[in-house]
Amino acid sequence: MLESLMAAAREDAAVRRETRPFNRVEADALAQDPARDAIAFLRPEDTVKIIAEIKRASPSRGVLADIPDPAALASLYETGGASAVSVLTEGRKFGGSLADLEAVREAVSLPVLRKDFISNPYQVFEARASGADMVLLIVAALDQKQLTSLYNLSAELGMATLVETHSADEVSRAIDIGANLVGVNARNLSTFELDNSLFGRLADQIPAGVIRVAESAVHSAEDVARYRRDGADVVLVGEALVTGDPLATLAHFLAV
């Protein structure tokens, strides 16, 4: 599944590049106002931080929510106390777009994450050109040279990088490149199965000073509380917010 998603994302980026060449997207990225300091917004405090996600669909669940106005939903997330907004920009399986990202960027003062299947510099420049303050890099999808190069490019453009891991080896690889924002995704992106104990098993391998992000398998405040007990500084939440009342759900999650 991951290989398929990465290949599709590369194909879609190549199509966009035909109408928006590399030199143009690079110039647009460099012309953007400076990115917001996502690390400052997500730095650990006494209470858990939430990255709230704009997510219309997923390969495992199909359509989750219509979300005709992602900017309005992002504004609710900000009102409800989220510390950042994640926008899925992958179109084939998740129903997202860069237009969603641009609309959200205009609507909120929070840092915005471009969540997609990124494997080349064009996609990183696209993210900054659309106003992203953070990008997602998935360790399982990249060799170490690619991971390092894309991480460094994101930093050069002023963006933070959420480096997503699924195993002890991947956590080690993330730390080796100097990642200061490391996510552990409970969803296996090859099989899409969930393991809600994975974060707890890997959290101690993420050094002090690195922000620990728990991803996936969040359905209730009890799930957030479990991640918090296991050492999560930040929890990324999508499905639970888009399928329910986002303000009430955020209130419950932030109260743990």
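Our subject in this report is the structure included herewith. (Residues numbered from 1 in each chain as written. Predicted model: local features only at pLDDT ≥ 70, side-chain atom pairs only at ≥ 80, totals over all residues. Heavy atoms only, no water.)

What follows concerns the side chain of Lys115. Along the chain, Lys115 falls in strand S5 (residues 112–115). For Lys115, the side chain forms a polar contact with the side chain of Glu53, separated by 3.1 Å. In this structure, Lys115 is in contact with Glu53, Ser86, Val87, Leu88, Thr89, Glu90, Leu136, Glu215 and Leu236, ignoring residues within four places of it in sequence. (Helix = DSSP H or I, 4+ residues; strand = E, 2+ residues; numbered from the N terminus. Polar contact = N/O pair within 3.5 Å; in protein donor to acceptor, adjacent residues only side chain to side chain. Contact = heavy atoms within 4.5 Å.)

Mapping Asp133 onto the fold places it in the loop between helix H6 (121–129) and strand S6 (134–138). For Asp133, a relative accessible area of 1% corresponds to the buried category. Only 2.7 Å separates the side chain of Asp133 from the backbone nitrogen of Arg36, close enough to count as a polar contact. (Buried < 20%, exposed > 50% of the residue type's maximum accessible area, 1.4 Å probe, protein only.)

A separate point is the nonpolar core. Ranked by size, the top nonpolar core spans 66 residues in total, and within it Ile54, Tyr77, Tyr227 and Val235 carry the most contacts. Beyond its immediate stretch of four places on either side in the chain, Tyr77 contacts Ala52, Glu53, Ile54, Ala82, Val85, Leu241, Val242, Pro246 and Leu250. Ala38, Leu113, Leu189 and Val234 belong to the second largest nonpolar core, which has 25 residues in total. (Core = buried A, V, L, I, M, F, W, Y, C linked by side-chain atoms within 4.5 Å.)

This brings us to unusual backbone geometry. One non-glycine residue, Ile67, adopts positive backbone phi at about 50°. Looking at where Ile67 falls in the secondary structure, it is placed in the loop between strand S3 (62–63) and helix H4 (70–80). Judged by its relative accessible area of 9%, Ile67 is buried. The phi dihedral of Ala217 is positive, around 60°, even though this residue is not glycine.

Moving on, we come to helix H12 (residues 246–254). Taken together, the buried positions of H12 are Pro246, Thr249, Leu250 and Phe253. Buried residues in H12, looked at end-on, bunch into an arc of 100°, giving them a common side. On its buried face, H12 sits against strand S1 (49–54), H4, helix H10 (221–229), strand S10 (234–237) and helix H11 (239–242). In this structure Asp245 caps H12, since a side-chain oxygen of it lies 3.0 Å from the backbone nitrogen of Leu247. (Arc of directions from axis to C-beta.)

One pass over the structure, following the stated rule, counts four aromatic pairs. An angle of 50° between the planes, with centres 6.1 Å apart, marks the rings of Phe22 and Tyr122 as tilted. With Phe22 in helix H2 (residues 22–31) and Tyr122 in helix H6, this pair connects stretches of sequence that are 100 residues apart. Judged by its relative accessible area of 2%, Tyr122 falls in the buried class. Consider the rings of Phe22 and Phe125, whose centres lie 5.4 Å apart with planes at 75°: the pair is edge-to-face. In this pair, Phe22 sits in helix H2 while Phe125 sits in helix H6, placing the two residues 103 residues apart along the sequence. Overall, Phe22 belongs to the partly exposed group, its relative accessible area being 23%. A residue is classified by how much of its surface remains accessible, and Phe125, at 7% relative accessible area, is buried. (Phe/Tyr/Trp six-rings, centres within 6.5 Å; stacked < 30°, edge-to-face > 60°.)

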